[in-house]
Amino acid sequence: MFHIKRKVGKIEIALDAKKIGEDYLLTLTGGEEHVGAVATGFFDERSQRASSSVVTMPGHREEYLALHGARQVSRATKRTSVFVVGIHQDDISPEEIRNIVSAAEEMVESFIAFCEKEVELPGQDNA
């Protein structure tokens, strides 16, 4: 359904997303791919608020990307989302981490913009 790649320093990161019924499954991977963190985002119709929960594998630090990404997607789409993140780069510097986080956030925003365009297809009555 959706695929985007970005070269960030020494590695390439990729965001893939697909629809599962009305919900979304996203993966953000790069470098030595793995499952580092898994988050689920929820949208509560009554309160009009999104929340998310995360499980992080021991020794991994992708929880922010998974947690924040799942919440953003669920807030924008008003659907449940599952976000799996696994990015690894040997001897990564703090600046490289910041660059990867920034690129990942931009990629999630691109996915949300894609979803918003899908909702507003020509000829569709959105009233």
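Predicted model only: the values in this text are computed from it and were never measured. (Residues numbered from 1 in each chain as written. Predicted model: local features only at pLDDT ≥ 70, side-chain atom pairs only at ≥ 80, totals over all residues. Heavy atoms only, no water.)

*Asks:* How should I be thinking about the packing of aromatic side chains in this particular structure?
*Replies:* The relation between two aromatic rings is expressed through the spacing of the ring centres and the mutual angle of the planes. If you walk through the whole model with that rule in mind, you get 3 aromatic pairs. With a centroid separation of 5.2 Å and 50° between ring planes, the pair formed by Phe2 and Phe114 is classed as tilted. In this pair, Phe2 sits in strand β1 (residues 2-8) while Phe114 sits in helix α2 (residues 94-119), placing the two residues 112 residues apart along the sequence. By relative accessible area, Phe114 is classed as partly exposed at 23%. Relative to Phe111, the ring of Tyr24 lies with its centre 5.5 Å away and its plane at 80°, an arrangement referred to as edge-to-face. Of this pair, Tyr24 sits in strand β3 (residues 23-31) while Phe111 sits in helix α2, and the two are 87 residues apart along the sequence. Residue classification places Tyr24 among the buried positions, given a relative accessible area of 9%. (Phe/Tyr/Trp six-rings, centres within 6.5 Å; stacked < 30°, edge-to-face > 60°. Helix = DSSP H or I, 4+ residues; strand = E, 2+ residues; numbered from the N terminus. Buried < 20%, exposed > 50% of the residue type's maximum accessible area, 1.4 Å probe, protein only.)

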